[in-house]
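Coordinate analysis (summary)
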Amino acid sequence: MYTPATTRYDSPGFYRRCGRSGVKLPLISLGLWHNFGAKDSYDNARAIACRAFDLGITHFDLANNYGPPDGSAEETFGRILRDDLGKWRDELIITTKAGYYMWPGPYGEWGSRKYLLSSLDQSLKRMGLDYVDIFYSHRPDPDTPLEETMGALAHAVRSGKALYVGLSNYQPADTVRAAKLLRELGTPCLIHQPRYSMFDRWVEPQLLATLEREGIGCTVFSPLAKGLLTDRYFKGVPADSRAGHDTRFLRPADITDAVLARTKKLNDLAQSRGQTLAQMALAWVLRHSAVTSALIGASRVSQVDDCVGATRNLFFSSSQLAEIESILSK
Ligand SMILES: NC(=O)c1ccc[n+]([C@@H]2O[C@H](COP(=O)([O-])OP(=O)(O)OC[C@H]3O[C@@H](n4cnc5c(N)ncnc54)[C@H](OP(=O)(O)O)[C@@H]3O)[C@@H](O)[C@H]2O)c1
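Keep in mind that this is a model prediction, so the values were computed, not measured. (Residues numbered from 1 in each chain as written. Predicted model: local features only at pLDDT ≥ 70, side-chain atom pairs only at ≥ 80, totals over all residues. Heavy atoms only, no water.)

1. What to know about the overall build of the protein
A count of helical and extended segments in the protein gives eleven helices and ten strands. Against the 2.2 N^0.38 benchmark of 20 Å for 330 residues, the protein shows a C-alpha radius of gyration of 19 Å, consistent with a compact globule. C-alpha extents for the protein along the principal axes are approximately 50 × 45 × 40 Å. Among the 330 residues that make up the protein, the fraction classed as buried is 56%. Of all intrachain contacts in the protein linking residues separated by at least 6 positions in sequence, the fraction that spans at least 24 positions is 76%. Total accessible area on the protein is roughly 14,000 Å²; 52% of this is exposed by carbon and sulfur atoms. (Helix = DSSP H or I, 4+ residues; strand = E, 2+ residues; numbered from the N terminus. Rg over C-alpha atoms; globule rule 2.2 N^0.38 Å. Buried < 20%, exposed > 50% of the residue type's maximum accessible area, 1.4 Å probe, protein only. Contact = heavy atoms within 4.5 Å. Areas by Shrake-Rupley, 256 points an atom, 1.4 Å probe, with all protein chains shown as cover.)

Here it is, written out as C-alpha cells:
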C-alpha cells in the first residue's frame, strides 16, 4: 500500500503560477507519452509515477493516443490511480488531449466537436475519472472553424468533464484568436503546451511573449529533446534507451556526431555548474518567466530524481548563457 512522502511539499519554490490563473504547477511535470504503454512494465510505470508524486510533482500529462497501443497509457494511469494515487486525486492535476489520429473514419482525429467530446468521454473511462483537470486541443485543425474547436473545449468545462482547457502546438496568431474565443465563452485558456528545448527554439521569437501578454501559462514538452540533451547516448545507443527500442520518434540516425559534439560541450558546462546535462537543459527552459513547467518523460525512477534536482540551480550567469549560445550556434 503506497503512502506518499510527507516531505512532498517541502520545497515551496517548486511551484509556479500558471499564467494569470489560480493554479500553480510544479517546475517539473511528468508526461506519460512513453514508458506507460501496455507493453511497458507496470511496476516500473507505477514506481515512476509514485516517486514523482513523492517529489512534489502534482502534474501528470496524458493524451488519448499515448501508448502504444493508443489509449493504453491512460489505462495504465487509471490502474495507478486505482492502486495508489487516486486517494490523493485533489492533489493532482491530470490532463488529457485530443487532436491526433485515434480511431478510423471521419470523426477520429483533428478538431471537430464530435471528435473532441467523444474522445474526452473515452479518456475519462480509460482513467476511471469523472473529470480531468485540463483538456487540450492537441493540435490546430486547419479545416475546422476555430469557433467549433474552442466551443467543444468550453463545453467540456461546462459539462463538468474538465476544469480548465489548453492548447498544444498552436502558432502565436492562432493562440491569440483561440484565447479570445475562449474568453468570450467564459472559459479562459489556462495553458499552452509547445515543444521547447535548446535544440528547438521556435517558441522564442513570438510565442512566449504572446503567452505572457495573454496571461496563459506554458508547459514545455520534450525539454530534453527526447533524451538527446542528456548523457544517455555518450557511449553509443543503449538497448533500453528510446532510440534503442522505440524508434517511432527518435532513431539512432538522429544521434549524429554533430549532436554528440554539441551535447558533450554542454555537458562540460553543466558539470562546471554542478549539474548533469539533463538538469542544465531543464534549468535553461525554466529561465523564462513565461515557462511555468518543464514536462519531462522518464524511463526509470532515477531520471525523475535527477530532473527534479535541476530546480536546485536555476540561475545562469550572462557568460554561461553566452557560452550556451556559442555551443548551439556551431
Ligand atoms: N503536446 C504534444 O504534442 C507533445 C508531444 C510530445 C510530448 N509531449 C509531452 O511531453 C512529455 C515529455 O516528452 P519527452 O518524453 O519527449 O521529454 P524529454 O524529457 O525531452 O525526454 C524524455 C527522455 O529523456 C531521457 N531522460 C529523462 N531524464 C533523464 C535524465 N535525468 N538523465 C538521462 N536521460 C533522461 C529518457 O530517455 P530514455 O527513455 O532513453 O531513458 C526519457 O524517456 C511527454 O510524456 C508528453 O506528456 C507532448
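Having seen it, we continue.
2. Things to note about the site of the ligand
Close to the ligand lie 31 residues; Asp 61, Arg 232, Arg 242, Ser 299 and Asp 306 are nearest. One of the side-chain N or O atoms of Arg 242 is found 2.6 Å from an oxygen atom in the ligand. When isolated, the ligand has an accessible area of 910 Å², and the protein chains bury 96% of it. Elements with a contribution of two residues or more to the shell around the ligand: strand E10 (293-296) and helix H10 (301-309). Split by residue class, the shell around the ligand holds twelve nonpolar, 13 polar and six charged. (Near = heavy atom within 4 Å. Polar contact = N/O pair within 3.5 Å; in protein donor to acceptor, adjacent residues only side chain to side chain. Nonpolar A, V, L, I, M, F, W, Y, C, P; charged D, E, K, R; others polar.)

3. Comments concerning unusual backbone geometry
Each neighbour pair has its own omega, and for Gly 67 with Pro 68 the value is -5°, a cis peptide bond. A cis amide bond links Pro 68 with the next residue in sequence, Pro 69, at an omega value of -10°. Structurally, Pro 69 is set in the loop between strand E4 (59-61) and helix H2 (72-83). At Lys 226, a position not held by glycine, the phi torsion is positive, near 65°. Its location among the elements puts Lys 226 in the loop between strand E9 (217-221) and helix H7 (242-245).

4. Details of the pattern of salt bridges
Scanning all chains against the criterion turns up 20 salt bridges. Between Arg 46 and Asp 84 there is a salt bridge whose closest N-O contact spans 2.6 Å. One end of the pair, Arg 46, is in helix H1 (residues 42-54); the other, Asp 84, is in the loop between H2 and strand E5 (93-98), with 38 residues separating them in the sequence. Given the relative accessible area of 29%, Arg 46 is considered partly exposed. Taking the shortest distance from any N to any O, the salt bridge between Glu 204 and Arg 287 comes out at 3.4 Å. Highlighted residues: Glu 204 in the loop between strand E8 (189-193) and helix H6 (207-214) and Arg 287 in the loop between helix H9 (277-286) and E10, separated in sequence by 83 residues. Classification of Glu 204 by relative accessible area gives partly exposed; the value is 25%. For Arg 287, a relative accessible area of 27% gives the class partly exposed. (Salt bridge = Lys/Arg side-chain N within 4 Å of Asp/Glu carboxyl O.)

5. Details of the nonpolar core
Counting residues in each nonpolar core, the largest one holds 99 residues, and the members touching the most others are Ile 28, Leu 30, Phe 60 and Leu 85. Looking at which element gives the most residues to this core, the answer is H9, with nine residues. One finds Val 23, Leu 25, Ile 93 and Tyr 136 within the second-largest nonpolar core, a separate group that totals eight residues. (Core = buried A, V, L, I, M, F, W, Y, C linked by side-chain atoms within 4.5 Å.)

6. A closer look at H9
With respect to burial, H9 is a largely interior element, ten of its ten residues being buried. When H9 is considered as a whole, its buried residues turn out to be Leu 277, Ala 278, Gln 279, Met 280, Ala 281, Leu 282, Ala 283, Trp 284, Val 285 and Leu 286.

7. Re the pairing of strand E3 (residues 28-31)
Because side chains alternate across E3, one face comprises the buried residues Ile 28 and Leu 30, and the other comprises Ser 29 and Gly 31, equally buried. Of the strand pairs in this sheet, E3 and E10 are connected by three bridges, and their pairing is parallel. Counterpart to Ser 29 in the pairing with E10 is Leu 295. Bridge count for E3 against E4 is two bridges, and the pairing is parallel. (Pairing = 2+ DSSP bridges.)

8. Some points on the sheet that holds E10
Spatial ordering of the closed barrel is given by E3-E4-E5-E6-E7-E8-E9-E10, a layout of eight strands whose pairing is parallel. When the angles between neighbouring strand axes are averaged without regard to direction, this sheet yields 30°. Sheet topology places E9 next to E10; three bridges connect them, and they run parallel. From the neighbouring strand, Val 220 faces E10, where its bridge partner is Ala 294. Relative to the sheet, helix H4 (residues 146-158) contacts strand E6 (132-137) and strand E7 (162-168), its axis offset from that of E7 by approximately 155°. (Axes fitted to C-alpha atoms, helices over the stretch in contact; angles between N-to-C directions.)

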